[in-house]
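Listed below are the residues making up each chain.
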Amino acid sequence: MPLITMKQIMADSLKKALDPSVDTKERYAVGAFNFSTIPEMVGIVEGAREVKSPVILMLSLGALKYIGSLELVAYTARGIARQYPEVPFCLHLDHATDLEMIKQAVVAGFTNVMIDASQEPYEDNVRKSKEIADFAHKHSPLGLNGCSVEAELGMLAGHEDNIHVSEEDAGKAYTDPELVADFVEKTGIDALAVAIGTAHGFYKAAPKIRFDLLEEIRRKTDTALVLHGGTGVPEDDFRKCVAMGMSKINVGTGLKKVYTDAVREAIKSLPESEYDPRKIVGPGRKAIAAEIASKSELFNCAGKAEAVLKSMY
Ligand code: G3H
Ligand code: ZN
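The structure contained in this document is the topic of the report that follows. (Residues numbered from 1 in each chain as written. Chains lettered and ligands numbered in written order. Predicted model: local features only at pLDDT ≥ 70, side-chain atom pairs only at ≥ 80, totals over all residues.)

Concerning the site of ligand 1
Near ligand 1 there are 15 residues, and of these His228, Thr231, Asn250, Gly252 and Thr253 occur at the shortest range. Elements with a contribution of two residues or more to the shell around ligand 1: strand E3 (89-96), strand E10 (248-251) and helix H11 (253-269). For the shell around ligand 1, the class distribution of residues is one nonpolar, twelve polar and two charged. (Near = placed C-beta within 6 Å. Helix = DSSP H or I, 4+ residues; strand = E, 2+ residues; numbered from the N terminus. Nonpolar A, V, L, I, M, F, W, Y, C, P; charged D, E, K, R; others polar.)

In C-alpha cells:
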C-alpha cells in the first residue's frame with residue numbers, strides 16, 4: 001500500500017537520524033511538496049518514481065480553497081496510489097488551524113495532518129495539537145494510526161495562506177529547545193516542525209540557519225523533525241540539516257515557480273491556433289517531475305523507496 005502515513009514514510013530516515021553510529025552521509029530527509037492542481041500531484045509522484053524516492057504531497061489551505069474539496073484530493077491520492085504502486089507517498093494537510101476541518105481531512109483519508117497552532121500561547125498549542133493527535137490516531141478510515149500528525153513550535157517568518165508572521169516576530173520565536181520534550185510528550189504528535197531561521201516564500205537574502213538550535217533540538221527529542229520554508233535554502237544548508245537529523249523538508253513557492261515558468265514557456269512557444277490544454281499543462285507536469293527528482297537527490301532520499309516500504313513490515 002504506497003499511500004502511507006508520514007510517520008511510516010519517515011521511520012527509516014528517523015532511525016538513521018537517531019543512531020549516532022550511522023554515517024551522516026547515509027541520512028536522508030523525505031521531500032514534501034505543495035500542489036494546487038491534479039497535474040502537479042501526478043508530476044510530484046512521477047518525479048519520485050523516476051528516482052525511486054518516497055515523497056510527501058502537501059495541500060495548503062489556499063490550494064484547498066481553490067480545489068474546493070478534501071474528498072476530491074483524498075480520492076485522487078487513492079487513485080494515484082493504484083496507478084503508481086511502487087512510490088511510497090503520503091497525503092498531508094499543511095499548516096491547518098481549524099480543528100474541525102483537520103478532523104474532516106482525517107476522515108476523508110489524508111495520511112498526515114498538520115495542526116499549526118504555533119502562533120498561539122504554548123498551552124493552547126499543546127491542547128490543540130494533542131486533540132488532533134488523539135483524533136487522527138483513532139479515526140482514520142485507513143485504520144488505527146492510519147493518519148499521523150505534525151505540529152509546530154516557534155514561528156517562521158513569511159506568508160503561508162492564512163498565517164502571516166513578520167520577520168521581527170519570527171526573530172523572537174525560534175523553537176525553544178527547552179520546550180521540545182514537554183511538547184512532544186504532552187501532545188503525542190509524530191513530527192515536529194521547527195523554527196530555526198528559515199522562512200516561507202522567496203528570501204531577500206540567504207537565510208541564516210541556527211544549526212546550534214537544530215543540534216540542541218535533535219538531542220531533546222526522538223520525534224521526527226521537519227524543516228519548513230525550503231525554497232531558496234542553499235544546497236549545503238540542506239545537506240547539513242539532513243546530516244544533523246532532519247527527516248522532512250518542505251518546498252512550496254519554488255515548485256510553483258517551476259510549474260508556472262514551464263507553462264508560460266509552453267504558451268509562448270505554441271502557435272495561437274493551438275488550443276489543446278495538454279500541450280500547455282503537460283510541460284508543467286514534466287518540469288515538476290524533474291524538480292522533484294533533483295530535490296530527492298539533494299535530500300538524499302532518491303533510491304530510498306524500497307527501504308521505506310521494508311521498514312513498514
Ligand atoms: O509548508 C510549506 C513550506 O514550508 C513551503 O515553504 O514556500 O518557502 O518553500 P516555501
Ligand atoms: Zn511551511
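That was the structure; now back to the text.
Quick notes on the environment of Val87
Turning to its location among the elements, Val87 is positioned in the loop between helix H4 (70-83) and E3. Here the alpha-carbon distance between Val87 and Thr5, two residues 82 residues apart in the chain, equals 13 Å.

Re the pairing of strand E4 (residues 112-115)
Alternating residues of E4 divide into Asn112 and Met114 and Val113 and Ile115, and every residue in both groups is buried. Bridge count for E3 against E4 is three bridges, and the pairing is parallel. Paired with Ala96 across the two strands is Ile115, which belongs to E4. For the crossover that starts at E3, traverses helix H5 (residues 99-108) and ends in the parallel E4, the hand is right-handed. Both E4 and strand E5 (residues 148-153) contribute to a ladder of four bridges, which runs parallel. Bridging across to E5, Val113 finds its partner in Val149. As for the winding sense of the linkage, the β-α-β connection from E4 through helix H6 (residues 122-139) to E5 is right-handed. (Buried ≥ 20, exposed ≤ 12 C-beta atoms within 10 Å, placed from the backbone. Pairing = 2+ DSSP bridges. Right-handed = clockwise from strand over helix to strand, strands pointing away.)

Let's talk about the sheet that holds E3
Around the barrel, eight strands lie side by side as E1-E2-E3-E4-E5-E8-E9-E10; this closed barrel has parallel pairing. Put simply, the sheet's adjacent strands are angled 25 degrees from each other on average, direction ignored. (Axes fitted to C-alpha atoms, helices over the stretch in contact; angles between N-to-C directions.)

Here we look at unusual backbone geometry
We note that His95 has phi near 45 degrees; this positive angle belongs to a residue other than glycine. Tracing the backbone through its elements, the reader meets His95 in strand E3.

Quick look at the packing of helix H2 (residues 38-50) against helix H12 (residues 278-298)
The N-to-C vectors of H2 and H12 enclose an angle of 40 degrees; their axes lie 7 Å apart at closest approach. Classified by the angle their axes make, H2 and H12 are oblique. For the pair H2 and H12, the crossing hand works out as right-handed. Counted together, Pro39, Glu40, Val42, Gly43, Ile44, Glu46, Gly47, Ala48 and Glu50 of H2 and Val281, Gly284, Arg285, Ile288, Ala289, Ala290, Glu291, Ile292, Ala293 and Ser296 of H12 form the full contact between these two elements. Residue composition of the contact of H2 with H12, grouped by class: ten nonpolar, four polar and five charged. (Parallel < 35°, antiparallel > 145°, perpendicular 65-115°, else oblique. Left-handed = near helix turned anticlockwise from the far one by under 90°. Contact = placed C-beta atoms within 7 Å.)

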